[in-house]
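Per-entry structural report
Spelled out, the chains give:
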Amino acid sequence: LDLRGRSKYITGEMCETLCDHWGVADDINFKPVKQLIEELCECRKVGANFLLNIGPNADGSVPLMQKATMECIGRWMQTYGKAIYNGRPFIAYTDSRDFIQKDATDEKILYLFRFNPGHSTTGVDVSEEFKEAEATLLKNISVKVKTITWMDSGEDLPFTQDGTGVRVKLTGYPYGRSHCVRVARIITE
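Bear in mind that the values here come from a model prediction, so they are computed numbers and not experimental data.

Another aspect to go through is the nonpolar core. If you look at the biggest cluster of nonpolar residues, it comprises 25 residues, and the most contacted ones within it are Cys-41, Trp-76, Phe-113, Val-181 and Val-183. Those elements that place two or more of their residues in this core are helix H1 (33-45), strand E2 (49-53), helix H2 (64-86), strand E5 (109-115) and strand E10 (181-188). Ranked by residue count, the leading element in this core is H2, at 6 residues. Judged by nonpolar contacts, the second largest core, of 15 residues, contains Leu-110, Ile-141, Ile-148 and Leu-157.

Written out as structure tokens, the structure reads:
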């Protein structure tokens with residue numbers, strides 16, 4: 001199948017369950033929310049859909065643990081859903097599991113997905129001097145970057161850009177917050 005010149009990529013789908021079985025089962029081996037969110041992001045990285053199965057009770061009600069898991073994923077989606085729904089594979093990359101996507105509705109927006117962002121230390125001033133050695137390199141970004149901002153807090157991230165790519169200082173979560181995967185919006189010219 002020759003796809004050269006086509007505007008749409010071929011999509012795929014990953015099917016996952018909240019525990020070890022499909023449908024109703026006496027199964028209490030539930031997968032962690034962090035794992036499910038990371039799998040959702042990994043699917044979107046390559047343009048695949050993520051089908052997450054629940055096993056309702058015979059009366060149609062959703063068991064408490066499954067409902068709570070879906071609510072946690074829903075809370076994450078309230079913050080980062082636009083990047084999941086609008087994000088499409090992009091050729092830029094990092095030297096880690098993190099990845100970048102382009103927005104399908106606005107060519108000037110990119111999304112950086114950051115796995116295991118950690119936490120900032122109390123009192124860290126993000127306006128301190130930018131140190132390249134502490135920055136993450138985003139390669140293959142040929143467009144001029146205007147701003148990089150965390151979607152959850154609106155915090156602007158310091159960065160530099162040259163012929164090798166964009167170096168950005170990715171801060172961790174403030175104390176009391178952890179969403180497993182953090183997403184930054186990159187605005188380009």
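Another aspect to go through is the sheet that holds strand E8 (residues 159-162). An order of E6-E9-E8 is seen for the 3 strands of this open sheet, with the pairing classed as antiparallel. Taken across any chain shown, the strands that pair with only one partner, and hence form the sheet edges, are strand E6 (136-138) and E8. Averaged over all pairs of adjacent strands, the angle between their axes in this sheet comes to 20°, without regard to strand direction. Here 4 bridges tie E8 to strand E9 (residues 165-168), and the two strands are oriented antiparallel to one another. Within the sheet, the bridge partner assigned to Phe-159 lies in E9 and is Val-168.

This paragraph deals with the side chain of Thr-149. Among the secondary structure elements, Thr-149 is positioned in strand E7 (residues 145-150). Classification of Thr-149 as buried rests on a relative accessible area of 16%. A distance of 2.9 Å separates the side chain of Thr-149 from the side chain of Asp-156, its partner in a polar contact. With residues near it in sequence (within four places) discarded, Thr-149 still touches Gly-154, Glu-155, Asp-156, Val-183, Ala-184 and Arg-185.

Cut-offs applied
- Residues numbered from 1 in each chain as written.
- Predicted model: local features only at pLDDT ≥ 70, side-chain atom pairs only at ≥ 80, totals over all residues.
- Heavy atoms only, no water.
- Core = buried A, V, L, I, M, F, W, Y, C linked by side-chain atoms within 4.5 Å.
- Buried < 20%, exposed > 50% of the residue type's maximum accessible area, 1.4 Å probe, protein only.
- Helix = DSSP H or I, 4+ residues; strand = E, 2+ residues; numbered from the N terminus.
- Pairing = 2+ DSSP bridges.
- Axes fitted to C-alpha atoms, helices over the stretch in contact; angles between N-to-C directions.
- Polar contact = N/O pair within 3.5 Å; in protein donor to acceptor, adjacent residues only side chain to side chain.
- Contact = heavy atoms within 4.5 Å.

Worth remembering: the numbers are spatial, not functional.
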